[in-house]
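# Breakdown of the fold
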Amino acid sequence: MKMVEVLESNSKIEPSCPPWYGEFVMKMKDLQQQKRLPHAVLLSLPIETDEVAFIWYLSMSLLCRNSTEGRPCRQCVSCVQMQANTYADFNMVGLEYDESKKKYYKNIKIEQTRELIHDVFITRSYDNLKIAAIYPADRMSIAGANSLLKTLEEPAENALIIIATHNLGKIPVTIRSRCQQWTLRLPCFEEALVWLEKKGLDNEQAVQYLKFSNGNPGLALKLFQINYLELVSEFKKKFSQYLNNQIDVVMLGQFLAAREVELARRLISMVVKAYCFRYCGLNESPANKVAARSALELMTQIESQLMIEENNLDLQLQLIDVLISMKQTIIQSQQSIRSRE
Ligand SMILES: [Zn+2]
């Protein structure tokens, strides 16, 4: 399960807004009050964030009749129903969970997009704004995008379509040109640090977890909550035992397969980088072209191997494949370094 793909159909969504998106919500609310709200917005979101709760919050704020400075009152009829996830004139589609395969579908199905458009634009329960949201919109099928396009060309009255994506480049130009585009950004390092400290991390932890998450505070908090640091040191220890033939590849594969795919991928890529630097001699000699090339090849190979997971193959077997390739590459690099010495 990718962290950015999470949209569980049965779990309740708690609308929430990180402080760094507050200004954007206020701008949207201003537009609404000036009666200049567009009929469709395209939100370009930072990578590796999960924005379901935020899209709900944004919608709740726009549907609220008593909001102040962009903040929903959380007490009016719309707010109460939005918080209970029962508001009839708001609908959102995303990647559905396939119970039989225990994983998320790769794409948003055409029926989902059609139903969304029908529900929100043909029917109406209240004399208020209607909102339809699609996220992650880059996972719409071509047919889905086409049916959405028709709606964008003939917008319904007093209705808003929110199209949200982490991958703007994958949204068809025809859709992009019919929406008002907004790019949402993560906060600067200092702001992220303050936010994480408010969430209970001490300064050292906050700095460290921001490093793990490439400056993404939401992800940093998630990693902190699952004690990622301990997981990293455990994996590093096991990986070095594996390199020294103290444990076998199946054991290491099991350890990784017990995690979320995205987490396993993160752990592997982190250790790959660390070991490439150490074992391929990049630390000692940055000009070591052969080692650098094999390190790069290894990373590319691992990346593509881990991507195969999305094609319904057994994760543990693939992780084992990756781990075997890693060991081979590391051993070869060491030999090539030694032979030059
Ligand atoms: Zn309200």
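The coordinates are above.
The structure contained in this document is the topic of the report that follows. (Residues numbered from 1 in each chain as written. Predicted model: local features only at pLDDT ≥ 70, side-chain atom pairs only at ≥ 80, totals over all residues.)

### Some points on the overall build of the protein
Put simply, the rule reads: Helical segments are the DSSP runs of H or I of at least four residues, strand segments are the runs of E of at least two, and each set is numbered from the N terminus. With C-beta atoms placed from the backbone, a residue is buried if 20 or more other C-beta atoms are within 10 Å of its own, exposed if 12 or fewer are, and partly exposed between those counts. Residues are treated as contacting if the C-beta atoms built from their backbones sit within 7 Å of each other.
Within the protein, the secondary structure is distributed over 14 helices and seven strands. Per-residue burial for the protein yields a buried fraction of 34% across its 341 residues. Taking contacts inside the protein between residues at least 6 apart in sequence as the whole, the part at least 24 apart equals 69%.

### As for helix H9 (residues 217-225)
For H9, every residue scored as buried is listed here: Pro 217, Gly 218, Leu 219, Ala 220, Leu 223 and Phe 224. Of the surrounding secondary structure, the elements contacted by the buried residues of H9 are helix H7 (189-198), helix H8 (203-212) and helix H10 (228-243). Note on H9: the residue one or two positions beyond its end, Asn 227, has a positive phi of about 55 degrees.

### So, the nonpolar core
What counts, and what does not: Note on terminology: a nonpolar core is a set of buried residues of type Ala, Val, Leu, Ile, Met, Phe, Trp, Tyr or Cys, with members joined through C-beta atoms within 7 Å.
In terms of nonpolar packing, the biggest core is built from 43 residues, with Ile 55, Ile 131, Ala 133, Ile 134, Ile 162 and Ala 164 touching the most fellow members. Aside from chain neighbours lying at most four places away, what touches Ile 55 is Met 92, Ala 133, Tyr 135, Ile 162 and Ala 164. In this structure, Leu 252, Val 261, Val 322 and Met 326 belong to the second largest nonpolar core, which totals 16 residues.

### Re the packing of H10 against helix H11 (residues 249-257)
Stated formally: Axes here refer to lines fitted to C-alpha atoms; in helices the fit is confined to the stretch in contact. Angles between the N-to-C directions go from 0 to 180 degrees. For classification purposes, angles smaller than 35 degrees are called roughly parallel, those larger than 145 roughly antiparallel, those between 65 and 115 roughly perpendicular, and all remaining angles oblique. Handedness of a helix crossing follows the sense of rotation of the near helix relative to the far helix, less than a right angle counterclockwise being left-handed and clockwise being right-handed. Under the convention adopted here, Pro, Cys and the residues Ala, Val, Leu, Ile, Met, Phe, Trp and Tyr are nonpolar, Asp, Glu, Lys and Arg are charged, and Gly plus all remaining residues are polar.
Two numbers describe how H10 lies on H11: the axes approach to 10 Å, and their chain directions differ by 160 degrees. Our classification of the angle between H10 and H11 gives roughly antiparallel. Here H10 runs over H11; the crossing is left-handed. In this structure, H10 contributes Lys 238, Phe 239 and Tyr 242 to the contact, and H11 contributes Val 249, Leu 252 and Phe 255. A per-class count over the contact of H10 with H11 returns five nonpolar, no polar and one charged.

### Digging into the sheet that holds strand S6 (residues 159-165)
To keep it simple, the criterion reads: In short, DSSP must find at least two bridges between two strands for them to pair.
Pairing in this open sheet of five strands is parallel, and the strands run S2-S5-S6-S1-S7 from one edge to the other. The open sheet terminates on both sides in strands that have one partner only, identified here as strand S2 (90-93) and strand S7 (180-183). With strand direction ignored, the average angle separating the axes of adjacent strands in the sheet is 15 degrees. Where strand S5 (residues 130-134) lies against S6, five bridges are found, and the strand directions are parallel. What sits directly across from Ile 134, in S6, is Ile 163.

### Section: helix H5 (residues 142-153)
Selection criterion: Helix span is expected to be 1.5 Å times the residue number reduced by one. Taken from the helix axis, the directions to the C-beta atoms give the arc we talk about.
The end-to-end C-alpha distance of H5, which contains 12 residues, comes to 16 Å, matching closely the 16 Å that a straight helix rising 1.5 Å per residue would cover. Listed as buried for H5 are Gly 144, Ala 145, Leu 148 and Thr 151. The buried residues of H5 occupy an angular sector of 115 degrees when projected down its axis, which confines them to one face. Within H5, the exposed residues directed more than 90 degrees away from the buried face are Ile 142, Lys 150 and Glu 153. Against the buried residues of H5 lie helix H4 (110-121), S6 and helix H6 (173-176).

### Examining unusual backbone geometry
A cis amide bond links Tyr 135 to the next residue, Pro 136, at an omega of -5 degrees. Within the secondary structure, Pro 136 sits in the loop between S5 and H5. Even without glycine at this site, Asn 227 takes up a positive phi of about 55 degrees. Mapping Asn 227 onto the fold places it in the loop between H9 and H10.

### Comments concerning the environment of Ser 44
Tracing the backbone shows Ser 44 in strand S1 (residues 40-44). Placed 139 residues apart in sequence, Ser 44 and Thr 183 show a C-alpha to C-alpha distance of 4.7 Å. If sequence neighbours within four positions are ignored, Ser 44 has contacts with Thr 165, Leu 168, Gln 181, Trp 182, Thr 183 and Leu 184.

### A word on the packing of H4 against H5
Put simply, H4 and H5 touch, their axes get as near as 8 Å, and they point 20 degrees apart. Accordingly, the angle class assigned to the pair H4 and H5 is roughly parallel. Considering only the axes of H4 and H5, their crossing is right-handed. Contacts between H4 and H5 involve Ile 110, Thr 113, Arg 114, Ile 117 and Phe 121 from the first element and Ala 143, Gly 144, Ser 147, Leu 148 and Thr 151 from the second. Of the residues in the contact of H4 with H5, the class split is five nonpolar, four polar and one charged.

### Description of the pairing of S5
The line we're drawing: When the strands point away from the viewer, a crossover counts as right-handed if the path from the first strand over the helix to the second runs clockwise.
With five of five residues buried, S5 is to be regarded as a mostly interior element. With burial as the criterion, each face of S5 is covered, one bearing Lys 130, Ala 132 and Ile 134 and the other bearing Ile 131 and Ala 133. Bridging between S2 and S5 involves four bridges; their strand directions are parallel. Among the inter-strand pairings, Met 92 is bridged to a residue of S5, identified as Ala 133. In this region the chain leaves S5, passes through H5 and returns to the parallel neighbour S6; the handedness of that crossover is right-handed.

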